[in-house]
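Notes for the structure review
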Amino acid sequence: MLTAPSELLIRNQSLLAGKQVLLLNHEADRCAEQLLAVCDNVTTLALDYPHFQLQPRNKTNLHAEFGHKLTADSRHRFDTVVIYYPKAKPLLDYLLHLAAYYLKADGELLVVGDNKGGIRSFNKLKSTDFSPPIKLDNARHCLLFASTVLAHPATINVERFVSQYTLEIDNRPLTICNMVGTFSEKQLDQGTALLLQHLPPLNGRVLDFGCGAGVITAALLARFPSLDMECVDINAMALLSCEKTLAANGMQAKIYASDGLSQCDGVFDAIISNPPFHDGLMSTTDIATQFVKDSQQQLRKGGLWQIVANRHLPYADAIAASFGNVNVVAENNRYKIYKNLR
């Protein structure tokens, strides 16, 4: 099944006939495979790991990647780049930067998205790299715009899209680095702040699930430098942010993409998290509910599981089902800290 933006793109697939096409920030479907009916070849760059996993691996003219950029230097390679309009608006400038780098001279940019995601404002785009957008189509509560590339950046400069703030842990200042589109981009969010105030001493192998910019990992390593930390997230910009945060503070951890805990091997002495509860434009506890169940199975006997969650989210039933009881060790008017031992 295709998402509504992909259906609008397929409806206009004649625009892509005989072309080399790159899909940026594509959604959770197999639109790329359907486009092979008209395109010479299709490359996909997913910023969300589960979206990458959906892509077939056995198609000669389809190449799928996950990350913040393509692994090979593909400058000026593509006739058309399609951007799926991002939920996080600051991410759009970065995607346009990639598109301008990857497009051939006079190559075409297509931007497609759901009206609820804010794509209506794209017609106001002012860019030195692209011509003013033209609306091509409107269907399924989505819009499709087109523009022509006018200029190409010499390199992909991710540093243009990084912001920083300072966090003090036990009188040690930590630099937190955030790529555009990363959760809590400008400052420490209140939920993580509460979690960090109530962490017990830890040792051994510790997982930071949904690591984002690596705030929890950096704070833990500042307090307990001998920890064997692992950081997982589904989002490429978050993983890059985490890498930059740890590098900025002279810290090391294993950082990798994982859909839930599916790519995590073995058991952990502790799992600490401010778990995500959004999937696209929808708020959902499905990710966190599965995370609770999987966590219980990947903790060693006596291992610690501790998370912070919005108090209105229904975690208690999932926690009780997996751990046998529900322990709230701290809370305020917005958040609760849940803590359980396996």
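Residues numbered from 1 in each chain as written. Predicted model: local features only at pLDDT ≥ 70, side-chain atom pairs only at ≥ 80, totals over all residues. Heavy atoms only, no water.

As annotated in an unreviewed UniProt entry, the protein chain carries the name Ribosomal RNA small subunit methyltransferase C and comes from Shewanella electrica. In its Sequence similarities (unreviewed entry) section, the UniProt entry covering the protein chain states "Belongs to the methyltransferase superfamily. RsmC family." (UniProt positions renumbered as here; feature names shortened; annotations may be inferred.)

**Regarding helix α1 (residues 4-11)**
Burial within α1 is extensive, with six of its eight residues counted as buried. Residues of α1 that are buried include every one of Ala4, Pro5, Ser6, Leu8, Leu9 and Ile10, and no others. Close packing links the buried residues of α1 with β1 (20-24), α2 (31-35), β4 (78-84), β5 (103-114), β6 (134-139) and β7 (142-148). (Buried < 20%, exposed > 50% of the residue type's maximum accessible area, 1.4 Å probe, protein only. Helix = DSSP H or I, 4+ residues; strand = E, 2+ residues; numbered from the N terminus. Contact = heavy atoms within 4.5 Å.)

**What to know about the sheet that holds strand β3 (residues 62-66)**
Adjacent strands of a sheet pair through backbone hydrogen bonds, lying either parallel or antiparallel. Judged by pairing direction, the sheet is mixed, and its seven strands sit side by side in the order β3-β2-β1-β4-β5-β7-β6 without closing on themselves. On the outer flanks of this sheet lie β3 and β6, each paired with one strand and no other. On average, adjacent strands in this sheet sit at an angle of 15 degrees to one another, irrespective of strand direction. Pairing analysis gives five bridges linking β1 to strand β2 (residues 41-46), with the strands arranged parallel. Paired with Leu22 across the bridge in β2 is Thr43. (Pairing = 2+ DSSP bridges. Axes fitted to C-alpha atoms, helices over the stretch in contact; angles between N-to-C directions.)

**Considering the pattern of salt bridges**
One pass over the full model with this rule turns up 10 salt bridges. In this structure, Asp137 engages Arg11 in a salt bridge whose closest nitrogen and oxygen atoms are separated by 2.7 Å. Taken together, the residues Asp137 in strand β6 and Arg11 in helix α1 connect sequence positions 126 residues apart. The closest approach of N and O atoms between Glu230 and Arg205, which form a salt bridge, is 2.8 Å. Taken together, the residues span a long stretch of sequence, with Glu230 in strand β11 (residues 228-233) and Arg205 in strand β10 (residues 205-209) at a distance of 25 residues. Across the pair, exposure class does not vary: Glu230 and Arg205 are buried alike. By sharing partners, the salt bridges in this structure join Arg30, Glu33 and Lys59 into a single network. (Salt bridge = Lys/Arg side-chain N within 4 Å of Asp/Glu carboxyl O.)

**Considering the packing of aromatic side chains**
Under the defined criterion, the tally for this structure stands at 11 aromatic pairs. Measuring from ring centre to ring centre gives 6.3 Å for Phe78 and Tyr102, while their planes differ by 90 degrees; the resulting arrangement is edge-to-face. Of this pair, Phe78 sits in strand β4 while Tyr102 is found in helix α4 (residues 91-102), placing the two residues 24 residues apart along the sequence. With respect to class, Phe78 is no different from Tyr102; both count as buried. Taking 4.0 Å as the distance between ring centres and 5 degrees as the angle between the ring planes, the aromatic pair formed by Phe209 and Phe291 counts as stacked. Taken together, the residues span a long stretch of sequence, with Phe209 in strand β10 and Phe291 in helix α8 (residues 286-297) at a distance of 82 residues. The structure contains a cluster of three or more aromatic residues connected by ring pairs, namely Phe209, Phe291, Trp305 and Phe323. Positioned above the aromatic ring of Phe52, the side-chain terminus of Arg57 is 4.2 Å from the ring centre. Here the guanidinium or amino end of Lys254 rests over the ring plane of Tyr256, the centre of that ring lying 5.0 Å away. (Phe/Tyr/Trp six-rings, centres within 6.5 Å; stacked < 30°, edge-to-face > 60°. Lys NZ or Arg CZ within 6 Å of the ring centre and 35° of its normal.)

**Observations concerning the nonpolar core**
If you look at the biggest cluster of nonpolar residues, it comprises 40 residues, and the most contacted ones within it are Leu196, Leu202, Leu220, Leu227 and Ile272. For this core, the element with the most residues is helix α6 (residues 215-223), which contributes seven residues. Apart from residues lying up to four places away in sequence, Leu220 is in contact with Leu199, Leu202, Val206, Leu227, Met229 and Ile272. Listed in part, the 36 residues of the second largest apolar core include Leu22, Leu96, Ile119 and Val149. (Core = buried A, V, L, I, M, F, W, Y, C linked by side-chain atoms within 4.5 Å.)

**Observations regarding the packing of helix α5 (residues 190-197) against α6**
Interaxial distance between α5 and α6 falls to 11 Å at its minimum, and their mutual angle equals 25 degrees. It follows from the interaxial angle that α5 and α6 lie roughly parallel. Between α5 and α6 the crossing geometry is right-handed. On α6, the residues touching Thr192, Leu195 and Leu196 of α5 are Val215, Ile216, Ala219 and Arg223. Of the residues assigned to the contact of α5 with α6, the class counts are five nonpolar, one polar and one charged. (Parallel < 35°, antiparallel > 145°, perpendicular 65-115°, else oblique. Left-handed = near helix turned anticlockwise from the far one by under 90°. Nonpolar A, V, L, I, M, F, W, Y, C, P; charged D, E, K, R; others polar.)

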